[in-house]
Amino acid sequence: MKMTFYGQFVAGEDQESIRPLIRHNRAFGVGSILDYGVEEDLSPEEAERKEMESCTSAVEREGSGTSKREKQYQAHRAFGDRRDGVVSARTYFYASEAKCDSHMETFLRCIEAAGGASDDGFSAIKLTALGRPQFLLQFSDVLTKWRRFFHQMAAEQGKAGLAAMDTKLEVAVLQESVAKMGIASRTEIENWFTAETLGVSGTLDLLDWSSLIDSRTELSKHLVVPNMQTGQLEPLLSRFTEDEELQMTRMLQRMDILAKKATEMGVRLMVDAEQTYFQPAISRLTLEMQRKFNVGKPLIFNTYQCYLKVQPLPAVSLPALG
């Protein structure tokens, strides 16, 4: 096998065996991105079952509550086996939190190998390997709804159709709208719109990486969406279980551990693009990692699927302000 397709597509089995190939490629101006390519031996039926279970909340399975998730961000059996038609990279299916910890340990070893094999190492990770994909679906749904809401607010201020960077919303009008929706008290809202919080870009973001990875943070409080008819905020799901809250936080904590390891090793970390229904959340979380870790030099990289007609915007919590 090593003399045929293995030798063609696999760089090596460990840090020592990949070093000669990396050096050889670098001599010709070719860099390397280390990826973990071992596939699980799952039948299509097993893959579909795991995907449906991991992408559906307890409320939805029991039928005991309400869900406001849009169709494109719900689990569908027809797309249960995400390996179908994908030949370029490993596909991960959620099994347990222990399995996600195991995937994280593998990524940590890849980062160490990339750092030990070259001075400008590059390692790739997939967020679906680090936690239950239900959170990525729900977060993508929330981001999409908020983007739609801010497009509507821009239209009400006569700024429809402008490019994202050119859409400047009036602060006073935005404050009034946010207050009516009950997101926070007027005093809290006024504190958001300061020179310190807006920065030089003039944009405001309600998410903060340190808060997201804090075990005391209830992430379900972020999964709320605006109701266009009532003007009120509503939860995406009527309730989240304690396990679901913990699973969401642990996914983000695993991301943080990998980013810190990459920083320590001087390895650039590429967050791989995945299915379009996960991508708004993946891009958004990658942006938060970039804000924290891309300080002295770029370490965290996002992946853009250039063949898409619509690119998922990474920052849609609140737009630019005029």
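By the naming in an unreviewed UniProt entry, the protein is Proline dehydrogenase, taken from Leptonychotes weddellii. The record in UniProt for the protein states the following under Sequence similarities (unreviewed entry): "Belongs to the proline oxidase family." Looking at the Cofactor (unreviewed entry) heading of the UniProt record, one finds this comment for the protein: "FAD".

What follows is about helix 6 (residues 133–156). The first and last C-alpha atoms of helix 6 sit 35 Å apart over 24 residues, in line with the 34 Å expected at 1.5 Å per residue. Taken from the residues just after helix 6, G158 is the one with a positive phi, measuring 75 degrees.

Here we take up the environment of S123. Mapping S123 onto the fold places it in strand 1 (residues 122–125). For the pair S123 and C110, spaced 13 residues apart in sequence, the C-alpha separation works out to 6.7 Å.

Let us now look at the nonpolar core. The tendency in soluble globular proteins is for nonpolar side chains to be buried side by side. Core analysis: the largest hydrophobic core is formed by 54 residues, its most contacted members being L127, L130, F135, L136, L258, L269 and L285. Elements supplying a minimum of two residues to this core: helix 2 (15–27), helix 5 (97–117), helix 6, helix 7 (171–180), helix 11 (242–265), strand 5 (268–271) and helix 12 (279–293). Top contributing element to this core by residue count: helix 6, with eleven residues. Discounting residues that sit within four places of it in the chain, L127 has contacts with L136, M251, M255, V271, E274, I282 and L285.

On to the packing of aromatic side chains. Enumeration according to the criterion identifies three aromatic pairs in this entry. Between the aromatic rings of Y277 and F278, the centroid separation amounts to 4.8 Å while the plane-to-plane angle is 70 degrees, which identifies the pairing as edge-to-face. Considered together, Y277 and F278 belong to a single accessibility category, that of buried residues.

Turning our attention to the side chain of Q305. With respect to the helices, strands and loops of the structure, Q305 is situated in the loop between strand 6 (300–301) and strand 7 (320–321). On the accessibility criterion, Q305 (8% relative accessible area) is buried.

Taken as a whole, the protein shows an average pLDDT of 76; of its residues, 69% reach a score of 70 or greater. Counting interchain partners and residues more than four positions distant, the pLDDT-below-50 stretch residues 314–322 has 42 contacts.

We now examine a nonpolar patch on the surface. Together, M1, F5, F9 and V10 give the surface a local cluster of nonpolar side chains, amounting to about 500 Å² of exposed area. Structurally, V10 can be placed in the loop between helix 1 (5–9) and helix 2.

What follows deals with the pairing of strand 1. On strand 1, burial covers both faces: F122 and A124 on one face and S123 and I125 on the other are all buried. One ladder, built from four bridges, connects strand 1 with strand 5; its direction is parallel. Its bridge partner lying in strand 5, A124 is registered against M270.

Right, let's get into the sheet that holds strand 6. Pairing between the strands of a sheet is mediated by backbone hydrogen bonds and can be parallel or antiparallel. Strand order across the open sheet formed by three strands is 1-5-6, with parallel pairing between neighbours. If you trace the sheet from one side to the other, it starts and ends with strand 1 and strand 6, each paired once. Along the sheet face, helix 5 touches strand 1 and strand 5 and points at about 165 degrees away from the line of strand 1.

To continue, consider helix 11. The terminal C-alpha atoms of helix 11, which comprises 24 residues, lie 35 Å apart, in line with the 34 Å expected from a rise of 1.5 Å per residue. Backbone geometry just downstream of helix 11 places G266 in the positive-phi region, at approximately 70 degrees.

What follows is about the pairing of strand 5. Taken together, the two bridges between strand 5 and strand 6 define a ladder with parallel strand orientation. Bridge pairing in strand 6 places L269 opposite I300. With helix 12 bridging strand 5 and the parallel strand 6, this β-α-β connection has right-handed handedness.

Let's shift gears to the packing of helix 11 against helix 12. At their nearest, the axes of helix 11 and helix 12 sit 11 Å apart, and the two run at 40 degrees to each other. Here helix 11 lies oblique to helix 12, going by the angle between them. Seen from above, helix 11 lies across helix 12 with right-handed handedness. Residues L252, M255, D256, A259, K260 and T263 of helix 11 lie in contact with helix 12, whose contacting residues are L285, M289, K292 and F293.

What follows is about the environment of C110. In this structure, C110 sits in helix 5. The exposure class assigned to C110 is buried, which follows from its relative accessible area of 10%. As a C-alpha pair, C110 and A124 span 14 residues in sequence and 8.6 Å in three-dimensional space. Setting aside residues up to four positions removed in sequence, C110 forms contacts with L34, Y36 and S123.

Moving on: the packing of helix 6 against helix 12. Two numbers describe how helix 6 lies on helix 12: the axes approach to 7 Å, and their chain directions differ by 85 degrees. Here helix 6 lies roughly perpendicular to helix 12, going by the angle between them. Contacts between helix 6 and helix 12 involve F135, L136, F139, S140, L143 and T144 from the first element and Q279, P280, A281, I282, R284 and L285 from the second. Residues of the contact of helix 6 with helix 12, tallied by class, amount to eight nonpolar, three polar and one charged.

Definitions and limits used
All residue numbers here refer to positions counted from 1 along the written sequence of the relevant chain. At least 70 in pLDDT is required for a residue's local features to be given in this predicted model, at least 80 for side-chain atom pairs to be given and counted, and no such filter applies to totals for whole chains, interfaces and linings, which use all residues. The side-chain quantities take in all heavy atoms of the structure and omit both hydrogens and water. UniProt positions are given in the numbering used here, feature names are shortened, and annotations may be inferred rather than shown by experiment. Only DSSP runs of H or I reaching four residues or more are called helices, and only runs of E reaching two or more are called strands; each is numbered from the N terminus. The span expected for a helix works out to 1.5 Å for each residue beyond the first. Put simply, a nonpolar core is a bunch of buried Ala, Val, Leu, Ile, Met, Phe, Trp, Tyr and Cys residues held in one set by side-chain atoms that sit within 4.5 Å of each other. Summary of the burial criterion: residues with accessible area below 20% of their type's maximum are buried, those above 50% are exposed, and those between are partly exposed, where the area comes from a 1.4 Å probe applied to protein chains only. Whether two residues touch is decided by their heavy atoms; if any such pair falls within 4.5 Å, the residues are in contact. Note on ring pairs: Phe, Tyr and Trp rings are taken, using the six-membered ring of Trp, and paired if centres are within 6.5 Å. Classes follow the plane angle, with under 30 degrees stacked, over 60 edge-to-face and the rest tilted. pLDDT: the predictor's confidence for each residue, scored from 0 to 100. The residues that make up patches have over 30% relative accessible area and no salt bridge, and they are joined within 9 Å when like-charged or within 5 Å when they are Val, Leu, Ile, Met, Phe, Trp or Tyr. Reported accessibility uses the Shrake-Rupley method at a 1.4 Å probe radius. Residues are deemed covered only where the shown protein chains occlude them. Here a salt bridge means any side-chain nitrogen of Lys or Arg lying within 4 Å of a carboxyl oxygen belonging to Asp or Glu. Pairing between strands requires that DSSP locate at least two bridges from one strand to the other. Only C-alpha atoms enter the line fits that serve as axes; for helices the fit covers just the stretch in contact. Angles between N-to-C directions range over 0 to 180 degrees. Every crossover in which the path from the first strand over the helix to the second runs clockwise, viewed with the strands pointing away from the viewer, is termed right-handed. Small angles under 35 degrees read as roughly parallel and large ones over 145 as roughly antiparallel, with 65 to 115 read as roughly perpendicular and the rest as oblique. Take the far helix as your reference; a near helix turned counterclockwise from it by less than a right angle gives a left-handed crossing, and one turned clockwise gives a right-handed crossing. As a working rule, the residues Ala, Val, Leu, Ile, Met, Phe, Trp, Tyr, Cys and Pro are called nonpolar, Asp, Glu, Lys and Arg charged, and the rest polar, with Gly in that last group.

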